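In case you want the letters, here they are:
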Amino acid sequence: MKNDTIIGQATPYGRSGVGILRISGNQVKDIAYKILGKLPPERLACYFSFYDYKGCVIDQGLVLRFVEPRSFTGEDVLELQGHGNPIILDLLIKTILLINKNIRIANPGEFSERAFLNNKIDLIQAESIIKLINAENECSIKSSLQSLKGVFSREIKNLINKVTDLRIMIEMVLNFPDEPYDMVIFDVSMKLNEISQDVKRVYQISTVSKKLYAGSKVVLSGPTNVGKSSIFNSLINKNSAIVTNIHGTTRDLLHQSISLYGITLQITDTAGFRSTKNIIEKIGIKKTWDYIDTADHIFFVIEDNKSIYEKKFLISNFLKKVGKKKSVTILLNKSDILKNKPVIKKYSNGRTYIILSAKTGSGICILKNYLKSIIKKTDYFGSAPIFLARRRHLNILNHIIHDIAVIKKKWLTSNNIECLAEDLKNIQNMLNEITGVVTSQTILNSIFKRFCIGK
């Protein structure tokens, strides 16, 4: 890495008003003299002509130069901001590559990887860059920025410091075994509890942010031909789902994302429930039940014109199957048949019922406002700081929660201080994996290959 200078296009490929080339490494000065004719001042945007190896002008534009270690990568960095014509940018890259054999095209994510390896950012901040680029709603952008600013990193470092303090106390006992340590035994249980609670808190916030980034899953389910697809089309404001009077029209999951209050909601239309001999329809119904298990909120749709006994039977059967823990709202569709007015009711059992008509649009506004109220009640709008978390972070934190529980039991039964010291060392190593203090090259390669070339 010290010998190679890398170059990459920082703007998307294709024609645009501006095209930016980013260069990082110890050959930046040589490149500047060859391409610009002189060395630009540090941290000052200047207008230059860009020359090829024959001395002909290729383009003109702004130039920025950063000197190590005061740059994103921690190395000398040069940015050429010219016109966004792919031919011009390609000519510039070819010219720069001919200057020196140690200059090469950057690998995906290599600029961010160098920033990490040069201690300019930790691994959490590096991972937040790609999440920030790919964010699809306002809240996920904010959470990515929080991680990029180091909020998540500080939480993890705080956990590492607490584990380190406990390890220091344990090492003192191991090095001075003749000293009484009744107070230490008491402190160990107390401190393990504190660490456990802090890890659980960070895990909870991380889980919320993960859901925030991916979007909450809202599922429309119910018997066949009750109007699920019509309600789906009304919620997303376009006719994506096929609507007919034929039972079993919808046979597969149909997803569409909408945004409310900067939060992404993934609305899913599903195959209707009924007894059928059709193999394809059976597969669709099974996929519906599998997807319901992963849903954050379920709208169970039935017909308002059914008898009260039929409605109670269908609702009770469905609630038994999904379980008490699932968030379920009952939608009574086709209210236009009985000429019932749209209304929202909450009964003593805690379930909310909404009477509406997808055919006439009556009550759809009530449903949309109800969706907004669900969003407002989520943890996204709590006082806790929201930061980015990836599946890798959640897996490690979950593993730590489990291991601390085991460590507490072992300590209470045996008071084996040598085993405790080793267990705490393993906990600290797992926390270090999150920030990248202890990270294998395989993990690094897996993370940075997801980046685009210019990052």
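Just so we're clear, the structure is a prediction, and the values are computed from it rather than from any experiment.

Student: If you had to explain the packing of aromatic side chains to someone new, which residues and values would you point to?
Tutor: Taken as a whole and judged by the stated rule, the model has 5 aromatic pairs. Here the aromatic residues F273, W289, F300 and F318 are joined through ring pairs into a cluster of three or more. Lying over the aromatic face of F111, R22 brings its terminal NZ or CZ to 5.7 Å of the ring centre.

Student: Give a detailed account of the packing of helix 6 (residues 151-175) against helix 14 (residues 417-435), specifying residues and quantitative values.
Tutor: It is at 10 Å that the axes of helix 6 and helix 14 come closest, and there the two elements cross at 160°. Taken together, the axis directions place helix 6 and helix 14 in an arrangement best described as roughly antiparallel. Note that helix 6 runs across helix 14; the crossing there is left-handed. Contacts from I156, L159, I160, V163, T164, L166, R167, I170, E171, V173 and L174 in helix 6 reach I417, E418, L420, A421, L424, K425, I427, Q428, L431, N432, I434 and T435 in helix 14.

Student: Any details on the pattern of salt bridges? Residues and values, ideally.
Tutor: One side chain can pair with another of opposite charge once the charged atoms of both are near each other. In the structure shown here, the tally under the stated rule is 17 salt bridges. Linking E281 and R274 is a salt bridge whose minimum nitrogen-to-oxygen distance equals 2.8 Å. For D423, the salt bridge identified is with K410, shortest N-O distance 2.9 Å. Placement of D423 in helix 14 and of K410 in helix 13 (residues 391-414) is noted, with a sequence separation of 13 residues between them.

Student: I'd like a rundown of the pairing of strand 4 (residues 57-66), residues and numbers included.
Tutor: In terms of strand pairing, strand 3 (residues 46-51) meets strand 4 through 6 bridges, oriented antiparallel. Bridge pairing links C46 to V63 in strand 4. Connecting strand 3 to the next strand, strand 4, in antiparallel fashion are 5 residues, including G55 with a positive phi near 90°. Here 5 bridges tie strand 4 to strand 5 (residues 77-84), and the two strands are oriented antiparallel to one another. Along strand 5, the bridge assignment pairs R65 with L78.

Student: Could you give me a rundown of the side chain of S335, with the residues and numbers involved?
Tutor: Summarising the element assignment, S335 is placed in helix 11 (residues 335-338). When near neighbours in sequence (up to four residues on either side) are disregarded, S335 contacts D304, N340, I355, L356 and S357.

Student: So what about the sheet that holds strand 6 (residues 103-105)? Which residues, and what values?
Tutor: Strand-to-strand pairing in sheets goes through backbone hydrogen bonds, with the strands running parallel or antiparallel. Across the sheet, which stays open at both edges, the 6 strands sit in the order 3-4-5-2-1-6 with mixed pairing between neighbours. The open sheet has two edge strands with one neighbour each: strand 3 and strand 6. Between one strand and the next, the sheet's axes are offset by a mean angle of 30°, whatever the strand orientation. Inspection of the sheet shows strand 1 (residues 5-9) paired to strand 2 (residues 16-24) by 4 bridges, in the antiparallel sense. Looking across to strand 2, one finds that G8 is bridged to R22. Those strands touched by helix 1 (residues 28-36) are strand 1, strand 2, strand 3, strand 4, strand 5 and strand 6, and its axis lies near 80° from that of strand 3. Here helix 3 (residues 110-117) sits on the sheet and contacts strand 1, strand 2 and strand 6; the angle it forms with strand 1, its principal contact strand, is near 135°.

Student: Account for helix 14, naming residues and giving values.
Tutor: Two residues of an α-helix separated by three or four positions point the same way, owing to the 3.6 residues in each turn. With 19 residues, helix 14 should cover 27 Å at 1.5 Å per step; its first-to-last C-alpha distance of 28 Å lies within 8% of that length. Capping the start of helix 14, N416 holds a side-chain oxygen 3.1 Å from the backbone nitrogen of E418, two or three residues further along. Two residues or fewer after helix 14 comes G436, characterised by a positive phi angle close to 95°.

Student: Can you break down the side chain of D76 residue by residue, with the values?
Tutor: As for its position among the elements, D76 is in the loop between strand 4 and strand 5. The side chain of D76 is buried and forms no salt bridge, while K29, the nearest opposite charge, is found at 5.4 Å. Within polar-contact distance, the side chain of D76 engages the backbone nitrogen of E68 at 2.9 Å. With residues near it in sequence (within four places) discarded, D76 still touches I23, S24, G25, V28, F66, V67 and E68.

Student: Outline helix 2 (residues 86-97), listing residues and values.
Tutor: If you check helix 2, its first and last C-alpha atoms are 16 Å apart, about what 12 residues at 1.5 Å a residue would give, namely 16 Å. For helix 2, the full list of buried residues reads I88, L89, L92, I93, T95 and I96. Considered in projection along helix 2, the buried side chains sweep an arc of 165° and stay on one side of the axis. Between the side-chain oxygen of the N-cap and the backbone nitrogen of I87 there are 2.9 Å, and the N-cap of helix 2 in question is N85.

Student: I'd like to hear about unusual backbone geometry, residue by residue, with values.
Tutor: Note that the residue after E68, namely P69, is joined by a cis bond; omega there is 0°. Counting through the fold element by element, P69 comes out in the loop between strand 4 and strand 5. Its identity as a non-glycine residue notwithstanding, N119 has a phi of 65°, on the positive side. Note that N119 resides in the loop between helix 3 and helix 4 (123-134). The class for N119 is exposed, based on a relative accessible area of 69%.

Student: Please give an account of the pairing of strand 5 that cites residues and values.
Tutor: The element strand 5 is largely enclosed, with a buried count of 6 among its 8 residues. The pairing of strand 2 with strand 5 spans 7 bridges and is classified as antiparallel. Within strand 5, the position partnered with I23 by the bridge is L78.

Student: Account for the environment of H297, with residues named and values stated.
Tutor: Summarising the element assignment, H297 is placed in strand 10 (residues 297-303). Using a relative accessible area of 6% as the deciding quantity, one classes H297 as buried. Between the C-alpha atoms of H297 and I267, which are 30 residues apart in sequence, the distance is 9.8 Å. With near-sequence residues (within four places) excluded, H297 lies in contact with K217, V218, V219, S327, V328, T329, Y370 and I374. A distance of 2.5 Å separates a polar atom in the side chain of H297 from a polar atom in the side chain of S327. Of note is the side chain of H297, whose polar atom sits 2.8 Å from the side chain of T329.

About the criteria used
Residues numbered from 1 in each chain as written. Predicted model: local features only at pLDDT ≥ 70, side-chain atom pairs only at ≥ 80, totals over all residues. Heavy atoms only, no water. Phe/Tyr/Trp six-rings, centres within 6.5 Å; stacked < 30°, edge-to-face > 60°. Lys NZ or Arg CZ within 6 Å of the ring centre and 35° of its normal. Axes fitted to C-alpha atoms, helices over the stretch in contact; angles between N-to-C directions. Helix = DSSP H or I, 4+ residues; strand = E, 2+ residues; numbered from the N terminus. Parallel < 35°, antiparallel > 145°, perpendicular 65-115°, else oblique. Left-handed = near helix turned anticlockwise from the far one by under 90°. Contact = heavy atoms within 4.5 Å. Salt bridge = Lys/Arg side-chain N within 4 Å of Asp/Glu carboxyl O. Pairing = 2+ DSSP bridges. Expected span 1.5 Å × (residues − 1). Polar contact = N/O pair within 3.5 Å; in protein donor to acceptor, adjacent residues only side chain to side chain. Buried < 20%, exposed > 50% of the residue type's maximum accessible area, 1.4 Å probe, protein only. Lys, Arg positive; Asp, Glu negative; His and termini not counted. Arc of directions from axis to C-beta.

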